[in-house]
Amino acid sequence: MNPSERRVPDVPPLSNPTPGLDAQNRTTDSLQLLAEAGALLGSSLDYETTLAALTRLAVPRLADWCSLDILGEDGVVRLLAVAHVDPAKVKWAHELRRRYPPDPKDPHGLHEVIRTGRSEMLPEIPDALLVAGTRGDAEHLRIARELGLRSAMTVPLTARGRTFGALSLIFAESSRRYTPADLALAEQLAGRAALAVDNARLYTNSVRAEERFRSLIHATAQAVWVMQPEGMVAEDSPTWRAFTGQALEEYQGYGWLAVVHPEDQERVRRGWQAARVIKQPYEVEMRLSRADGSWATVLSRAVPMFDAQGQVREWIGTSTDITAQRRAEETSRRLESEQRARQLEALRAEVSEVLSREDTPSRLIQACAEVMVRNLPVLALVQLWTWNREAQVLQLQGNAGSAAPPSVQLSRVELGQTLVGAVGQSRQPLLVNALLADPRLRSRTWAEVNGLVSFLGAPLLVRGQLVGVLAVYGQTSLEEETLATLATVADAVAQGLERRRAEVSLQEHARDLARSNEELQQFAYVASHDLQEPLRMVASYTQLLARRYQGKLDADADEFISYAVDGVNRMQRLIQDLLTWSRVGTRGHEFKPLDAGLALNKALANLKTLMEETGATLIQGKMPKVMADETQLTQLFQNLVGNALKFRGKAPPRVLVEAELQGNEWRFTVEDNGIGIEPQYYERIFVIFQRLHGKEEYPGTGIGLAICKKIVERHGGRIGLDSQPGQGTTFWFTLPAVPTPSTPGILS
């Protein structure tokens, strides 16, 4: 490929490499693409043609290259369609696939996506990946480099839990890069394509089943027989003998009842007797034993033949084997049921997708109403009402489909008022197929103008509490099945709406809490910082008093001066610790890969004097690399080891520091043989200013462990302890491990 031939298309891309892309415009473009794809996929049941058109639709908005592979019934993956910004290169793409087919055993790429049903994305395609993907083939590597591949993703085509294909998208000439948002859009596009393929295959199977049914009906056997006026067999019937295997002697008289299923015999006999009495045609469906002993579903009909006097001369009858017909009808019903289930699944999925968006509840409700109208064409109008607990009214928030005139369109309804209020009051589904005659209809004129003849309402309930009403209107009668479908959707809407409201409330509380914490930290910093200057002056003068007048005054004066000096020193330590605590979240450094052993050694160097004074022994396990702030990690180790030295027992302190990898994080432990902690204090000791011992017994400010907790949480970890009084304490905390690059293979 000549690099000078590459061009960036004029169509605006969905994936914009420049920062500051307007999120609203991006969402609009994505929804437009999905809408166009939905219209395209629904335009024909020839799924191969529509899928080929889908690849062209994705280029160039979502890709420079787009290909679609389908898994055949024989288990072979074949390339169905390829699209490129330059249509002349499509033929070349097919030739490349023929020459260099993907390896079915490759643990990454196309076949792995189809095997696992999980998407793969490469934001960047390094040259090393091209080398690995071409497996030492120099010509293949040369072509791959000429293509100028920049970014790629492959998403599965999955329906009803079965993956039968994959959609591959690649950026090359345009030099764009894929993002997680692009992957989510591609997965939605593939989901719609998969549903279209599944529906097309279902339709094909249904047509085949119908053709098979018609063939069986034409080929089905019929037994023709003649009965005497009193209902006895009049003459031999070769077709009856062939069908049932009975000889003439066996089925004469009422002997034919012997081959009727025992559960059907009494019903058949009584019906036949009644028809003879009233001299009317007789028809019955029953199970009849074939000559091979199997049971057949048979439709028997008999017509009376009259003489000139109007008396029954004989009965002419037929028995038709309709077993295949009934089986075909059952298959058809099952297929229709599966089709409805797919429609419901698609509707629920789209409603769930809408409710998962980051938007206001009112906009989500309107979007849900539009989704229902789009997925259920039988509905002319969909309305979603929400329950206002304070005002005790239902409020209209979602309205899609036929537009109602403002003069008759209520926006607030009390319980019991109109059909919507009746559903809200009873909290039970309501189906009305005689809408114009129902006295609860707000405006008969409005319904007539819009051609509305039916209403269906379903309450939106969460844990038995009313949160709203789903109301739909139809221009034809609605079935109970539609009621069941909408009841299921109403449950999903209710749960999703309540969940979104809770999320919005939680976000507001989180913002309030974050603001409060920020103000608290700022206050702690300012207060402790501003207190240091006057405290230094008090400290200077009290120390001066101690030096100048120590021993020159009476014992009480010396004691008072000692108290003052000690109090000032403790206040200085307290303010310094408070400053450290307030700076953890505001004055920290950037996280970077760090050898935890270096931070531990710095902490031990700071504690060297205390360790020598206490005769402590420290055992250090192998320390890993973690993502951390070096200064704060040193502070964390220093506080925990210092804690072990301070709260020691009668024996010399023994401290063990170790680390163990658990998933994608390291779990550190600092174990000592000190005095231990009662279980009821496990949470309290991490609260600022909380102390379990008096300052005379164990010095300190009660802030050290609070600083530890804040440092660990800033790093995205957790901290806790295990302890037994008199047997020592083990403090533990977790830190994220240094991430390792995964092995990509999507190009294969």
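Everything numeric in this text was worked out from a predicted model, so none of it was measured. (Residues numbered from 1 in each chain as written. Predicted model: local features only at pLDDT ≥ 70, side-chain atom pairs only at ≥ 80, totals over all residues. Heavy atoms only, no water.)

Draft legend 1. Fine view of unusual backbone geometry. Proline 60 follows valine 59 through a cis peptide bond whose omega is 5°. Checked against the element boundaries, proline 60 lands in the loop between helix H2 (47-58) and strand S1 (65-71). Phi at arginine 135 is positive, roughly 55°, even though this residue is not glycine. Summarising the element assignment, arginine 135 is placed in the loop between helix H5 (127-134) and helix H6 (138-147). In the Ramachandran plot, arginine 463 falls in the positive-phi region, its phi being about 55° despite a non-glycine side chain. Tracing the backbone through its elements, the reader meets arginine 463 in the loop between strand S14 (454-462) and strand S15 (465-474). Arginine 463 gets classed as exposed once you look at its relative accessible area, which sits at 76%. (Helix = DSSP H or I, 4+ residues; strand = E, 2+ residues; numbered from the N terminus. Buried < 20%, exposed > 50% of the residue type's maximum accessible area, 1.4 Å probe, protein only.)

Draft legend 2. View of the packing of aromatic side chains. Applying the stated rule across the entire model yields eleven aromatic pairs. Judged by centre distance (6.4 Å) and plane angle (35°), the ring pair of tyrosine 254 and tryptophan 256 falls under tilted. Residue class for tyrosine 254 comes out partly exposed when judged on its relative accessible area of 30%. Given the relative accessible area of 7%, tryptophan 256 is considered buried. Within the aromatic cluster, the residues linked to one another by ring pairs are Trp272, Tyr282 and Trp315. In this structure, arginine 201 packs its charged tip against the face of phenylalanine 164, placed 5.0 Å from the ring centre. (Phe/Tyr/Trp six-rings, centres within 6.5 Å; stacked < 30°, edge-to-face > 60°. Lys NZ or Arg CZ within 6 Å of the ring centre and 35° of its normal.)

Draft legend 3. Structural view of the confidence of the model for the protein. Within the protein, residue pLDDT values average 80, and 83% of them lie at 70 or more. Taken as a whole, residues 1-12 scores under 50 in pLDDT and shows 22 contacts with residues more than four places along the chain or in a different chain. This model gives residues 15-21 a pLDDT under 50, and the stretch forms eleven contacts once residues within four places in sequence are excluded. (pLDDT = per-residue confidence, 0-100. Contact = heavy atoms within 4.5 Å.)

Draft legend 4. Region of the structure containing the sheet that holds strand S22 (residues 728-736). Strand order in the open sheet made by the five strands is S17-S19-S20-S22-S21, with mixed pairing throughout. The open sheet is flanked by strand S17 (617-620) and strand S21 (719-724), the only strands paired with a single partner. Taking the axes of each pair of neighbouring strands and ignoring which way they run, one obtains an average angle of 15° across the sheet. Along the sheet, helix H19 (residues 630-646) makes contact with S17, strand S19 (654-662), strand S20 (665-671) and S22, crossing S22 at roughly 170°. (Pairing = 2+ DSSP bridges. Axes fitted to C-alpha atoms, helices over the stretch in contact; angles between N-to-C directions.)

Draft legend 5. Broad picture of the sheet that holds strand S8 (residues 295-306). Taken in spatial order, the four strands line up as S6-S9-S8-S7 in an open sheet, and their pairing is antiparallel. Looking at the sheet topology across the chains shown, the edges are occupied by strand S6 (222-227) and strand S7 (282-289). Pairwise comparison of adjacent strand axes, ignoring direction, gives a mean angle of 25° for this sheet. Sheet analysis places S6 next to strand S9 (residues 312-321), joined by six bridges and oriented antiparallel. Across the sheet, residue glutamine 222 finds its bridge partner in S9, namely threonine 320. Sheet strands in contact with helix H10 (residues 262-278) are S6, S7, S8 and S9, and its direction is about 155° off that of S7.

Draft legend 6. Highlighting the nonpolar core. If you look at the biggest cluster of nonpolar residues, it comprises 40 residues, and the most contacted ones within it are Leu633, Phe637, Phe668 and Phe733. Counting only elements with at least two residues in this core, the list comes to helix H17 (596-606), strand S18 (625-628), H19, S19, S20, helix H20 (704-714), S21 and S22. If you tally residues by element for this core, the top one is H19, at seven residues. Among residues more than four places away in sequence, those in contact with phenylalanine 668 are Ala596, Met623, Pro624, Val626, Phe637, Glu658, Ala659, Phe731, Trp732, Phe733 and Leu735. (Core = buried A, V, L, I, M, F, W, Y, C linked by side-chain atoms within 4.5 Å.)

Draft legend 7. Expanded view of H5. Those residues of H5 that fall on the buried side of the exposure criterion are Leu129, Leu130, Gly133 and Thr134. Mapping the buried residues of H5 onto a view down its axis gives an arc of 125°, with all of them on the same face. Facing away from the buried side of H5, by more than 90 degrees, are the exposed residues Ala128 and Ala132. Looking at the residues trailing H5, positive phi occurs at arginine 135, about 55°. (Arc of directions from axis to C-beta.)

Draft legend 8. Geometry of the packing of H19 against H20. Between H19 and H20, the shortest axis-to-axis distance is 9 Å and the interhelical angle comes to 145°. Considering the relative orientation of H19 and H20, their crossing is left-handed. Contacts from Gln632, Gln635, Leu636, Asn639, Leu640 and Asn643 of H19 reach H20 at Gly704, Leu705, Ile707, Cys708, Ile711, Val712 and Arg714. Looking at the contact of H19 with H20 residue by residue, the classes come out as seven nonpolar, five polar and one charged. (Left-handed = near helix turned anticlockwise from the far one by under 90°. Nonpolar A, V, L, I, M, F, W, Y, C, P; charged D, E, K, R; others polar.)

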